[in-house]
Amino acid sequence: MTVTRPARLTGAALCAALALIAAVWILKDLAVLGSPADLAWYWAGDHHFLIRGRSATSLVDPVLLAVSAAAAVAALRSRHAASALAATGTVTLALRLPGLWAPGTGALVTALLALALAVGLIVTAAAGRRPVTASYEQPATRPRTGPAVAAGALLAVSALLVVMWELYWATELPLEITVDRFTGGRSVIKAALAPPPGWLSLVLLALYGTAAVAALARARHSRAFALLAGVFLAAGGLAEVARTARYELVGRLGDLPTADLLAVLNAYVGLLAGLAVLALLAGRGAPAAEPAPYPPAGMPPPAPPYPPPPGW
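Read on for a plain summary of the structure. Along every chain, residues carry numbers that run from 1 in the direction the sequence is written. A pLDDT threshold of at least 70 governs which residues receive local features in this predicted model, and a stricter bar of 80 or more applies before side-chain atom pairs are shown or counted, although totals over entire chains, interfaces and linings include all residues. To obtain the side-chain values, all non-hydrogen atoms of the structure were included, while hydrogens and water were left out.

1. Some points on the overall build of the protein
Line of reasoning, step 1. For the protein, the count of helices and strands is 10 helices and 2 strands.
Line of reasoning, step 2. Only DSSP runs of H or I reaching four residues or more are called helices, and only runs of E reaching two or more are called strands; each is numbered from the N terminus. Written out in order from the N terminus, the α and β elements of the protein read β-α-α-α-α-α-β-α-α-α-α-α.
Line of reasoning, step 3. Looking at the protein as a whole, 40% of its 312 residues qualify as buried.
Line of reasoning, step 4. The long-range share in the protein, meaning contacts at least 24 apart out of those at least 6 apart in sequence, stands at 74%.
Line of reasoning, step 5. Surface exposure of the protein reaches about 16,800 Å², of which carbon and sulfur atoms provide 69%. The buried label goes to any residue with under 20% of its type's maximum accessible area, the exposed label to any with over 50%, and the partly exposed label to all in between, with areas taken from a 1.4 Å probe on protein chains only. Contacts: residue pairs with any heavy atoms within 4.5 Å of one another. With residues, only the protein chains shown are counted as cover, and all accessible areas are computed by Shrake-Rupley using a 1.4 Å probe.

2. Considerations on helix H1 (residues 5–33)
Line of reasoning, step 1. The terminal C-alpha atoms of H1, which comprises 29 residues, lie 42 Å apart, in line with the 42 Å expected from a rise of 1.5 Å per residue.
Line of reasoning, step 2. Of the residues trailing H1, Gly34 is marked for its positive phi of about 80°. The length a helix should cover is 1.5 Å for every residue beyond the first.

3. Some details on the pattern of salt bridges
Line of reasoning, step 1. Salt bridges are defined as contacts in which a side-chain nitrogen from Lys or Arg sits within 4 Å of a carboxyl oxygen from Asp or Glu. Taken as a whole and assessed by the stated rule, the structure comprises 4 salt bridges.
Line of reasoning, step 2. The closest approach of N and O atoms between Asp46 and Arg246, which form a salt bridge, is 2.6 Å. Placement of Asp46 in the loop between helix H2 (36–43) and helix H3 (60–77) and of Arg246 in helix H9 (residues 222–246) is noted, with a sequence separation of 200 residues between them.
Line of reasoning, step 3. With a relative accessible area of 38%, Arg246 lands in the partly exposed category.

4. So, unusual backbone geometry
Line of reasoning, step 1. We note that Arg218 has phi near 55°; this positive angle belongs to a residue other than glycine.
Line of reasoning, step 2. Residue position: Arg218 is located in the loop between helix H8 (197–216) and H9.
Line of reasoning, step 3. A relative accessible area of 22% means that Arg218 is categorised as partly exposed.
Line of reasoning, step 4. At Glu248, a position not held by glycine, the phi torsion is positive, near 55°.
Line of reasoning, step 5. For Glu248, a relative accessible area of 60% corresponds to the exposed category.

5. A look at the layout of surface pockets
Line of reasoning, step 1. Definitions used for this entry: grid spacing 1 Å over protein atoms alone; cavity, a set of points where a 1.4 Å probe fits but cannot get out; pocket, an open set with protein on both sides within 12 Å along at least 5 of 7 lines; lining residue, one with an atom within 4 Å of a point. Grid points are joined across faces, edges and corners, and a volume is the space filled by probe spheres set on the points. As a volume, the second largest pocket reaches approximately 1,200 Å³.
Line of reasoning, step 2. In this structure, the second largest pocket is lined by 40 residues; those nearest its centre are His80, Ser83, Ala84, Arg223 and Ala224.
Line of reasoning, step 3. Broken down by secondary-structure element, the contributors of at least two residues to the lining of the second largest pocket are strand S1 (2–3), H3, helix H4 (82–96), helix H5 (105–127) and H9.
Line of reasoning, step 4. Broken down by element, the residue count for the lining of the second largest pocket peaks at 7 residues, all from H3.
Line of reasoning, step 5. Broken down by class, the residue content of the lining of the second largest pocket amounts to 25 nonpolar, 9 polar and 6 charged. Note on residue classes: Ala, Val, Leu, Ile, Met, Phe, Trp, Tyr, Cys and Pro are nonpolar, Asp, Glu, Lys and Arg are charged, and everything else, Gly too, is polar.

Structure (structure tokens):
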């Protein structure tokens, strides 16, 4: 299947609009905080130094900005961008949905715009698909077996780690706070546009799990979903690693409580796993097998070349 040119142009425009929304909020936060470094540390989870204001964005926003821009470029350059458009639209829809019940007019308007654009992306990706008919068109390739299996295994382990951490928090926190982590209740302190932490874990679990299954099955659409999962995995791991380095936790691993020690190890595992997934699936897929020539019934085999080569 390929994507028609009008659908590709429409998808690129929708992705550009999503990237623009994220960029506007990031620029607004830069104006409030006055320092790109402070904003980056806020995204990494360090909120103790803020004295000039509070960020409305979280790590999700620059990641969505990068993902939307990459999907726009893919739509303009490739006839096989349907999976990239669908993956971007689905993840944006899931991450912006909590903005509908978040406090603040800005979060609500942003959520409504982003949801409309995300639904448009999904519809465009589905309606713009058409079968390969011309002889010069090539179908989307499948990922190579070795890299696909390795990436699928890494994503499956990452999904399992998300489940284990959510189970840990469910046993450590009171029931009210556990529910607030998924609904964004009053006990959760977060950026205005950020999804609740439990909700974010559910989205990442679904993304990692779907991408893992698709990669292990070597589905044609697996590369887009796996690369998207790798970006989120690497970005989250990088943020955690930066924060642990800022507080010099690596040099004090022996003194850390068990939960903090596991959190530090999980940060490095996430970063390395995300980078590995990106490296494994960023290359070209396996070449499509060419069908063997088969003469129709009742037709003689093709005549030998003239003059015939030796041994014909």
